[in-house]
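Okay, here's what each chain looks like letter by letter:
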Amino acid sequence: VLKTDLMVAMFHKGHPLADEPVVTIDQLRNETFILQCISEGKATFTAQDFLNCCRNSGFEASVALTTRYITTIARLIEQGKGVGILYSSEIKDESHFAYAAVKISPPIPFDICMSYVPSQAKSEAAQQFLAWMEQIIEKNKAETIRRKL
C-alpha cells in the first residue's frame with residue numbers, strides 16, 4: 001500500500017454543509033450527486049464505493065449526472081447543480097474552482113497500491129520508476145511519522 005486516500009464530498013461555497021469539518025452519510029441522504037464514471041454506464045470505484053455506502057445506510061443516492069471529467073464535476077458543483085463525491089487526491093488540480101471539499105464520516109478509504117515481480121528483469125525505465133516510487137514511499141512514511149508525533 002503506497003497511500004490510503006479518503007473520500008470527500010464537494011459542495012458549492014453557499015451550501016449549508018460547506019463549512020462543516022466532516023459530514024456523515026446520513027447528512028447526504030437528501031442531496032443530488034454528480035459522480036465520476038470511466039465510460040458510459042461504467043462507474044469508477046469511487047462512485048461504486050459511495051453508492052454502496054449509501055445503500056448500506058438505508059437509501060439510494062440520487063445521481064443527477066455521471067461524467068468522466070473532474071473539471072465538469074467541479075464546474076457543476078460551483079453552479080450548485082449537485083454534490084460531488086471524489087477521493088481527495090483526485091481534486092488537487094481543481095483548486096481554482098470555488099467549492100469546499102469536506103471529509104465524509106465514517107471514512108471511506110481507498111488503498112493505492114503497486115505491485116511488481118521482483119525476480120523479473122526490468123527495463124531501465126522500470127528500474128528508474130521503481131526507484132522513484134521507493135523515494136515517494138519513504139517520504140510518505142516520514143510525513144506519517146511526523147504527523148503522529
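Considering the overall build of the protein chain
Then comes step 1: Regarding its fold elements, the protein chain presents 3 helices and 8 strands.
Then comes step 2: Traced from its N-terminal end to its C-terminal end, the protein chain shows the element sequence β-β-β-β-α-β-α-β-β-β-α.
Then comes step 3: Burial statistics for the protein chain: of 149 residues in total, 34% are counted as buried.
Then comes step 4: Taking as baseline every contact in the protein chain between residues at least 6 positions apart, the subset at least 24 positions apart corresponds to 75%.
Then comes step 5: Just so you have it, the protein chain exposes about 9,400 Å², and 52% of that area is on carbon and sulfur atoms.

Description of the pairing of strand S6 (residues 83-87)
Then comes step 1: Buried residues dominate S6, accounting for 5 of its 5 residues.
Then comes step 2: Taking every second residue as pointing to the same face, both faces of S6 are buried, with Val 83, Ile 85 and Tyr 87 on one and Gly 84 and Leu 86 on the other.

Regarding the nonpolar core
Then comes step 1: Judged by nonpolar contacts, the single largest core of 24 residues is most densely connected at Phe 11, Leu 28, Phe 50, Ile 85 and Ile 104.
Then comes step 2: Breaking this core down by element, the ones donating at least two residues are strand S1 (3-12), strand S3 (32-39), helix H1 (45-56), S6 and strand S7 (99-105).
Then comes step 3: With 5 residues, the single largest contributor to this core is H1.
Then comes step 4: Setting aside its immediate chain neighbours within four residues, Leu 28 contacts Ala 9, Phe 11, Leu 17, Val 23, Phe 33, Phe 50, Phe 59 and Ile 104.
Then comes step 5: Residues Val 8, Ile 70, Ile 73 and Ile 77 belong to the second largest nonpolar core, which totals 12 residues.

Focus: the pattern of salt bridges
Pairs can form between side chains of opposite charge whenever their charged atoms are close.
Then comes step 1: Under the counting rule described, the total for this entry stands at 2 salt bridges.
Then comes step 2: Put simply, Asp 26 and Arg 29 hold a salt bridge, and the shortest N to O gap is 2.8 Å.
Then comes step 3: The partner of Glu 60 in a salt bridge is Arg 55, with the nearest N and O atoms 3.1 Å apart.
Then comes step 4: On the accessibility criterion, Arg 55 (39% relative accessible area) is partly exposed.

Side note on unusual backbone geometry
Trans is the common state for peptide bonds, and a negative phi is the common state for residues other than glycine.
Then comes step 1: Cis geometry is adopted by the peptide bond preceding Pro 106, which originates at Ser 105 and carries an omega value of 0 degrees.
Then comes step 2: With respect to the helices, strands and loops of the structure, Pro 106 is situated in the loop between S7 and strand S8 (109-112).

What to know about the side chain of Thr 67
Then comes step 1: Considering the arrangement of structural elements, one finds Thr 67 in strand S5 (residues 62-67).
Then comes step 2: When residues no more than four places from it in sequence are discounted, the contact partners of Thr 67 are Leu 35, Gln 36, Cys 37, Thr 72 and Ile 73.

Focus on the environment of Leu 86
Then comes step 1: Take Leu 86: it is sitting in strand S6.
Then comes step 2: Among the residues examined, Leu 86 registers a relative accessible area of 0% and is labelled buried.
Then comes step 3: Sequence spacing of Leu 86 and Ala 47 is 39 residues, and the spatial spacing of their C-alpha atoms is 7.7 Å.
Then comes step 4: Aside from chain neighbours lying at most four places away, what touches Leu 86 is Leu 6, Met 7, Val 8, Met 10, Gln 36, Thr 46, Ile 70, Ile 73 and Ile 91.

Digging into H1
Then comes step 1: For H1, with 12 residues, the first-to-last C-alpha span of 16 Å sits near the 16 Å given by 1.5 Å per residue.
Then comes step 2: Listing the buried residues of H1 in full gives Thr 46, Ala 47, Phe 50, Leu 51, Cys 53 and Cys 54. Projected down its long axis, H1 shows its buried positions confined to an angular sector of 155 degrees, all on one face. Relative to its buried face, H1 has exposed residues pointing more than 90 degrees away, namely Phe 45 and Asn 56.
Then comes step 3: Once H1 ends, the next one or two residues include Gly 58, with phi positive near 95 degrees.

So, how was this worked out
Numbering of residues starts from 1 in each chain and follows the order in which that chain's sequence is written. The predicted nature of this model means local features are confined to residues of pLDDT at least 70 and side-chain atom pairs, given and counted, to a pLDDT of 80 or more, with totals for whole chains, interfaces and linings taken over all residues. Calculation of side-chain values draws on the structure's entire complement of heavy atoms; hydrogens and water are dropped beforehand. Segments assigned H or I by DSSP are reported as helices when at least four residues long, segments assigned E as strands when at least two residues long, and all are numbered from the N terminus. Per-residue accessibility, obtained with a 1.4 Å probe over protein chains only, is compared with the maximum for each type, and a residue is labelled buried under 20%, exposed over 50%, and partly exposed between these values. By definition in these notes, contact holds between two residues if any of their heavy atoms fall within 4.5 Å. For every accessible area listed, the method is Shrake-Rupley and the probe measures 1.4 Å; residues are considered covered only by the protein chains on display. Nonpolar cores are built from buried Ala, Val, Leu, Ile, Met, Phe, Trp, Tyr and Cys residues. Side-chain atoms within 4.5 Å join them into one set. Whenever Lys or Arg places a side-chain nitrogen within 4 Å of a carboxyl oxygen from Asp or Glu, that contact is recorded as a salt bridge. Expected span of a helix, by definition, is 1.5 Å for each gap between consecutive residues, and there is one gap fewer than residues. As used here, the arc is the angular range of directions from the helix axis to the C-beta atoms.

Distances and angles like these do not, on their own, reveal function.
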